[in-house]
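# Examination of the molecular architecture
Spelled out from the first residue to the last, the chains are:
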Amino acid sequence: MAKRNIFVWLVLLGALFAMSGCSWPRISNTNAAGNAFEGPFFTPIKTATPAPTAVPTQTPTPVPTVPPQVLASRLGFIMPVKGAHVPEWLDLVPGAKRGYRSGTHEGVDFGYNAVGVTVRVGTQVLASGGGVVVRADLNYREPTSQEMDAILARSARQGDTSADDLDKLRGRQVWIDHGQGLVTRYAHLDRTATGITVGTQVSKGQLIAYVGNSGVPNDGAGDSPHLHFEIRIGDSYLGQGLTPARARDLYVQALSGKK
Ligand SMILES: [Zn+2]
């Protein structure tokens, strides 16, 4: 009888314990997947945040790591306008300030009676080096004067020009990929030459386009058609971070036609 009473009491105590909400000492554990569990019944309390999986990225174009002056001496490019030289006027080279868009010039302007030959609308633009055309604006649309005003207002407000707006300010363009992260850009074009389209293989000195005034704000600068020419190295440009005088030296070297 006594044993039976003890048994009944134990059962009652157990039931009371379960109903009271008391619990066993809480323990933590982690399963094989890394999910944390807590408590005697291993109730998942939180799914562990999965470790971020690496987003597959495109294989970046290898960019030369040589100093710019060494790179410039290796290019062997030629002048994109026949008979021209790199202008002495430092306003026309990389590093010059461009107040109208609160920015910095990233290339060389061939024009403004500063390059030894007359550059006018229709002057031939030549490939500085051999490569593959990666951009050719065949169906270019000139921004309206309202759109142009909006671009310049944004630039003034931001104190800089966004990459998108800067692209519009370069007007009609052709880009040539020379490999190893090197791209030349030819901007403000009037039109592209026959047969020049994305994928076209061009050789050094080949006619690719004609000088124009595209993308130039209509503030009088349109009276001086010129070729805006850039040598890009990966995400930067030849002469980036240098004074205009130093940048000019690099372009003289790069466009000497000699390696
Ligand atoms: Zn320019």
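Residues numbered from 1 in each chain as written. Predicted model: local features only at pLDDT ≥ 70, side-chain atom pairs only at ≥ 80, totals over all residues.

Assigned secondary structure in the protein chain consists of five helices and 15 strands. In the protein chain, which comprises 259 residues, the proportion classed as buried is 31%. For the protein chain, long-range pairs separated by at least 24 residues make up 68% of all intrachain contacts whose partners lie at least 6 apart in sequence. (Helix = DSSP H or I, 4+ residues; strand = E, 2+ residues; numbered from the N terminus. Buried ≥ 20, exposed ≤ 12 C-beta atoms within 10 Å, placed from the backbone. Contact = placed C-beta atoms within 7 Å.)

This part covers the nonpolar core. Within the largest apolar cluster, 41 residues are counted, with the highest numbers of intra-cluster contacts made by Val 125, Val 174, Tyr 186, Ile 208, Tyr 251 and Ala 254. If sequence neighbours within four positions are ignored, Ala 254 has contacts with Ala 72, Leu 75, Phe 77, Ile 231 and Leu 238. (Core = buried A, V, L, I, M, F, W, Y, C linked by C-beta atoms within 7 Å.)

This part takes up the environment of Gln 253. Looking at the element boundaries, Gln 253 is found in helix H5 (residues 244–254). Gln 253 gets classed as buried once you count the C-beta atoms within 10 Å, which come to 20. Separated by 184 residues in the primary sequence, Gln 253 and Gln 69 place their C-alpha atoms 8.2 Å from one another.

This brings us to the sheet that holds strand S7 (residues 124–126). Across the sheet, three strands lie side by side as S7-S13-S11; this open sheet has antiparallel pairing. Across the chains shown, the open sheet's two edge strands, defined by having one partner strand only, are S7 and strand S11 (189–192). Adjacent strand axes in the sheet meet at a mean angle of 35 degrees when their direction is disregarded. (Pairing = 2+ DSSP bridges. Axes fitted to C-alpha atoms, helices over the stretch in contact; angles between N-to-C directions.)

Turning to the pairing of strand S13 (residues 207–211), a few remarks are in order. Bridge count for S7 against S13 is three bridges, and the pairing is antiparallel. Residue pairing in the sheet places Gln 124 in a bridge with Tyr 210 of S13.

Residues of the protein chain with pLDDT of at least 70 account for 73%, and the chain-wide mean is 82. Across residues 10–47, confidence stays below pLDDT 50; counting only partners more than four residues off in sequence or on other chains, it has 26 contacts. (pLDDT = per-residue confidence, 0-100.)

Taken N-terminus to C-terminus, the directions of helix H2 (residues 68–75) and H5 make an angle of 25 degrees; their axes are 7 Å apart at the nearest point. By the angle class used here, H2 and H5 are roughly parallel. In contact with Pro 68, Gln 69, Ala 72, Ser 73 and Leu 75 of H2, H5 contributes Leu 250, Gln 253 and Ala 254. (Parallel < 35°, antiparallel > 145°, perpendicular 65-115°, else oblique.)

When H2 is considered as a whole, its buried residues turn out to be Pro 68, Ala 72 and Leu 75. Buried residues of H2 fall within an arc of 60 degrees about the axis and therefore sit on the same side. Buried residues in H2 make contact with H5. In the segment just after H2, Gly 76 is the residue with positive phi, at about 65 degrees. (Arc of directions from axis to C-beta.)

All right, on to unusual backbone geometry then. In this model, Ser 102 sits at a positive phi of 55 degrees, which is unusual for a non-glycine residue. Topologically, Ser 102 is positioned in the loop between strand S4 (97–98) and strand S5 (103–104). Using a count of 16 C-beta atoms within 10 Å as the deciding quantity, one classes Ser 102 as partly exposed. Positive phi outside glycine occurs at Asn 113, with the angle close to 55 degrees. The residue Asn 113 is located in the loop between strand S6 (108–110) and S7 in this model.

Looking now at the environment of Gly 122. Locating Gly 122 in the fold gives a position in the loop between S6 and S7. Owing to 11 C-beta atoms within 10 Å, Gly 122 belongs among the exposed residues under this scheme. Apart from residues no more than four positions distant in its own chain, Gly 122 is found in contact with Asp 190, Tyr 210 and Val 211.

With that out of the way, let us pick up helix H3 (residues 145–158). The first and last C-alpha atoms of H3 sit 20 Å apart over 14 residues, in line with the 20 Å expected at 1.5 Å per residue. Phi turns positive, to about 75 degrees, at Gly 159, one or two residues after H3. (Expected span 1.5 Å × (residues − 1).)

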